[in-house]
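Close look at the chain arrangement
Here's the letter readout for the chains.
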Amino acid sequence: MSSNDWYAVLGVPKTATSEQIRNAFKERAMVNHPDRGGDKEVYATIQTAYDILSDVSKRAAYDSGKSVNGGTEKQFAQSFGDSGTKPKMSISQQVDDARKDGQIAQMGNQMSHGAGFDAWMRNQKGLGKHGFYTAEDLLRQKKGGIEATDATATPLPPLNTTAICFDKHGPPEEVLYLDKARPLADKLGHGEVLVHMLAASISEEDLLRVQTSLSILNDFAPFNRTHNKWEELPLPAVAGVEGVGVVLATAKNVPELSSGALEVKDWVIALPDARMAPIGCWGTLCICDSARLLKVPAQLLPLQHLACSRALCTAYRILEDYGSVKPGDTVLQNCADLPTGQAVIQLCKMLKIRTINLVPDDAGFERTRDLLMELGGTLVLRDTANVSTFLKAIGNEMPRLAIDALGGEAGKRLAIALRPGGTLVVHSLAHGQVPQLSPSLIMYQQISMHGFNLPQWVADNGGEAYLAMLESIAELVQAEKLNVFTRTLSVDQLTQQSLLKAIGSHKLVQDGATFRERTVLQFGDEASANEMYFELQAAIRKITAAYDDSVPSAKEMAPVAPTASSAMRATGGVVASKPRASERWADSTEMLKELNLEQYTTQFEEEEMTSLELLEEIVSRGDGEKELMDALKEMGIKKMGHRQAIVGAVVGKL
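What counts, and at which threshold
Residues numbered from 1 in each chain as written. Predicted model: local features only at pLDDT ≥ 70, side-chain atom pairs only at ≥ 80, totals over all residues. Heavy atoms only, no water. UniProt positions renumbered as here; feature names shortened; annotations may be inferred. Helix = DSSP H or I, 4+ residues; strand = E, 2+ residues; numbered from the N terminus. Buried < 20%, exposed > 50% of the residue type's maximum accessible area, 1.4 Å probe, protein only. Contact = heavy atoms within 4.5 Å. Areas by Shrake-Rupley, 256 points an atom, 1.4 Å probe, with all protein chains shown as cover. Salt bridge = Lys/Arg side-chain N within 4 Å of Asp/Glu carboxyl O. Pairing = 2+ DSSP bridges. Axes fitted to C-alpha atoms, helices over the stretch in contact; angles between N-to-C directions. Right-handed = clockwise from strand over helix to strand, strands pointing away. Arc of directions from axis to C-beta. Patch = residues over 30% accessible without salt bridge, like charges linked within 9 Å, V, L, I, M, F, W, Y side chains within 5 Å. Parallel < 35°, antiparallel > 145°, perpendicular 65-115°, else oblique. Left-handed = near helix turned anticlockwise from the far one by under 90°. Nonpolar A, V, L, I, M, F, W, Y, C, P; charged D, E, K, R; others polar. Polar contact = N/O pair within 3.5 Å; in protein donor to acceptor, adjacent residues only side chain to side chain. Core = buried A, V, L, I, M, F, W, Y, C linked by side-chain atoms within 4.5 Å. pLDDT = per-residue confidence, 0-100.

An unreviewed UniProt entry annotates the protein as enoyl-[acyl-carrier-protein] reductase originating from Prymnesium parvum. Taken from UniProt, the Subcellular location (unreviewed entry) comment for the protein reads in full: "Mitochondrion".

The following block contains the structure:
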């Protein structure tokens, strides 16, 4: 561990929140950046302090006196070792310790009012109740809520999206269809954002939500006894529950998220949600409630990894939370050739845990076996219904943990192979049934069965914990310790025929010419998102001016049909780039005057940003436009539209 006091470097106390650490870093980075005449070594120290204190796992290691170095693999194994080897404390021990610390003053019926209220709130959470409503709750309700006024809305030009839709529930291969010109709403309502989707995976949850409306469960126990009900999905709808994209526009009152204030050009992923209707991310554009999104660092992971991030997180959490597996133990799993299974193999390899991996018994078995063995699998077997053959194949191995993605008889076979006291975790039910364990397994072998649901984990632990897990996974990916194999289908290649092939790609019966893989739908890239962003903002400003001056409305403008392969067409044609800012104005003062933003002249002078060449140099960097947006916000330019206008002028889009 470095001798530096990283808290002192940033000038924050050890109890500082993530927001306080972020603000302290920005303040010191602005002053000490080498481009502003700061010392490179001082700036590097500030950057190191922020890297450690902004990362949940690194900060915890630093606070506990552990090294935050030593390699990604070592840190990962150590973190799992900590969670898996700490002796568990019994309830009586916890109560005794709490008494010694003076935390328990009264017991039994003498519960304090505060403790009683906490207990009541826990019970309400279990029933799916909050106990109260906020203004945000009422404004966001789709039925029976308060309708927000147009003062909070952002008008949009006519927009079309290429999307995968369905008009009724049923078998996905029968009801899904491709719509290359699906119109979007003409404005962003309360808390809504417009997202240019980059990629989305095709998972079992996607297909399940197309197959059936889970809101039908609301009429049956236990859902009819709580407020924790499934939201009904209005049809027709766009499919897709998981995806990654870039924010293009926001309503005027988008609240701050757990991962920070959400702004245009931020990267976001769809938050796992146990009860809400899918946001519909199988399209080039998506309008959704900002509360359904999680802000992530740009290019945190490769697109295919971000699109399959729920599978990676599922593997991570199951190994962390169940079975108390340790180096030398064995984990058994089925569907080992799909993303969750691939991740389990690679994580176990780092943790020095053996894996027995079951895959379908077909003509492609040998090729699949070779692939999984290269990833680090210990043993790869055919998943057959013959239990005696299966048990003979695994020999003396007695797994401590079994991970089931199929359910039914397939899950039951895993439970039979477990050692006494072993744990079966079910994270998907592809066969539609829960494994039926015999009384002898439960009573005499003490086999336990658990269901893992990532959306429920996120609901219990929050978006910040989910982001911290993604950042830990990103470190492993960057260190080339974790990979995922998928097939990509770009929007340019998307047809009804290729769509039908894609939704069944992970269930193929393999032969010499086919291979079973998850399909990732790719709708665009960061470059297309950036180009579309500036043209869209120009169109929005034109609409706003039209409303103000009573000129033709947005509906009279030519339609816009953005795709992943071409920039957005606004008002009937491509918006032409104007000369560079330094060719149009002498300095930032002249630019601000023409933009009617001269009230910010003082801030530019104080920050020594009057040179337009300096501003152009900033935006020319890899993520320079966002860097300038952040700098303008730090300068006190709070209105997003004003910051966008300044950046647009610098890059020659205005």
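Anyway, onward from the coordinates.
**As for the overall build of the protein**
In terms of helices and strands, the protein carries 27 helices and 18 strands. Counting only residues that meet the buried cut, the protein has 46% of its 654 residues in that class. In the protein, the share of contacts with a sequence separation of at least 24, taken over all contacts with a separation of at least 6, comes to 71%. For the protein, the exposed surface amounts to about 31,600 Å²; the carbon and sulfur share of it is 51%.

**Regarding the pattern of salt bridges**
For side chains bearing opposite charge, pairing can occur when the charged atoms are close. The tally for this structure, following the rule as stated, stands at 17 salt bridges. The closest approach of N and O atoms between arginine 22 and glutamate 19, which form a salt bridge, is 2.3 Å. Here the residue arginine 22 and the residue glutamate 19 both occupy positions in helix α2 (residues 18-32), the gap between them amounting to 3 residues, near one helical turn. Classification of glutamate 19 by relative accessible area gives partly exposed; the value is 32%. The closest approach of N and O atoms between arginine 310 and glutamate 205, which form a salt bridge, is 3.6 Å.

**Digging into the sheet that holds strand β14 (residues 401-404)**
An order of β13-β12-β11-β14-β15-β16 is seen for the 6 strands of this open sheet, with the pairing classed as parallel. This sheet does not close on itself; its edge strands, each paired only once, are β13 (379-383) and β16 (448-451). Averaged over all pairs of adjacent strands, the angle between their axes in this sheet comes to 20°, without regard to strand direction. Here 3 bridges tie strand β11 (residues 330-333) to β14, and the two strands are oriented parallel to one another. Within β14, the residue paired with leucine 332 across the bridge is alanine 402. Along the sheet, helix α15 (residues 387-394) makes contact with β11, β12 (354-360) and β13, crossing β13 at roughly 175°.

**What about the pairing of β14?**
Here β14 shows a buried face lined by Leu401 and Ile403 and a second buried face lined by Ala402 and Asp404. Strand direction decides the pairing type here: β14 and strand β15 (residues 423-426), joined by 4 bridges, are parallel. If you follow leucine 401 over to β15, its bridge partner there is threonine 423. With respect to chirality, the unit in which β14 leads through helix α16 (residues 408-417) into the neighbouring parallel β15 is right-handed.

**Looking at helix α20 (residues 496-503)**
Inspection of α20 places Ser498, Leu499, Ala502 and Ile503 among the buried residues, and these make up the whole buried set. Down the axis of α20, the buried side of the element spans an arc of 130°, and every buried residue falls inside it. Of the exposed residues in α20, those oriented more than 90 degrees away from the buried face are Gln497 and Lys501. As for α20, its buried residues are in contact with β2 (160-166), α9 (172-175), β3 (177-183), α10 (204-211), β17 (486-490) and β18 (518-522).

**Things to note about a nonpolar patch on the surface**
Together, Ile216, Leu217 and Phe220 line one region of the surface with nonpolar side chains, adding up to about 280 Å² of accessible area. Secondary-structure assignment places phenylalanine 220 in the loop between α10 and β6 (237-238).

**Side note on the packing of helix α26 (residues 624-634) against helix α27 (residues 640-651)**
Two elements in contact, α26 and α27, have axes separated by 10 Å at closest approach and are oriented at 135°. Overall, the two elements α26 and α27 adopt an arrangement that is oblique. The two elements α26 and α27 cross, and the hand of that crossing is right-handed. Contacts between α26 and α27 involve Glu625, Leu628, Met629, Leu632 and Lys633 from the former and Met640, Arg643, Gln644, Ile646, Val647, Val650 and Val651 from the latter. Broken down by class, the residue content of the contact of α26 with α27 amounts to 8 nonpolar, 1 polar and 3 charged.

**Regarding the environment of threonine 48**
For threonine 48, the location among the structural elements is in helix α3 (residues 40-53). You can call threonine 48 partly exposed: its relative accessible area is 33%. On a C-alpha basis, the gap between threonine 48 and tryptophan 6 in space is 8.1 Å, while along the polypeptide they are 42 residues apart. Side-chain polar atoms of threonine 48 contact the backbone oxygen of alanine 44, separated by 2.9 Å.

**Examining the nonpolar core**
Core analysis: the largest hydrophobic core is formed by 75 residues, its most contacted members being Leu176, Leu194, Trp282, Met591, Phe604 and Leu628. Looking at this core, the element that brings in the most residues is α27, giving 6 residues. Core analysis: the second largest hydrophobic core is formed by 49 residues, Cys348, Val425, Val458 and Leu470 among them.

**With respect to the pairing of β2**
In terms of burial, β2 is a largely internal element, 7 of the 7 residues being buried. Pairing analysis gives 5 bridges linking β2 to β3, with the strands arranged antiparallel. Among the inter-strand pairings, asparagine 160 is bridged to a residue of β3, identified as proline 183. With 2 bridges joining them, β2 and β6 adopt antiparallel strand pairing. Its bridge partner being in β6, cysteine 165 is matched across the sheet by valine 238.

**A few points about the side chain of arginine 317**
Take arginine 317: it is sitting in helix α12 (residues 309-321). If we ignore the near neighbours within four places in the chain, the residues touching arginine 317 are Tyr322, Phe452, Trp457 and Met469.

**Quick notes on the confidence of the model for the protein**
Here the protein shows a mean pLDDT of 80. Residues at 70 or above account for 80%. Here residues 103-113 scores under 50 on pLDDT; set against residues more than four positions off or in separate chains, the count is 10 contacts. Within the model, pLDDT remains below 50 along residues 130-134, and this stretch shows 4 contacts once partners closer than five positions in the same chain are excluded.

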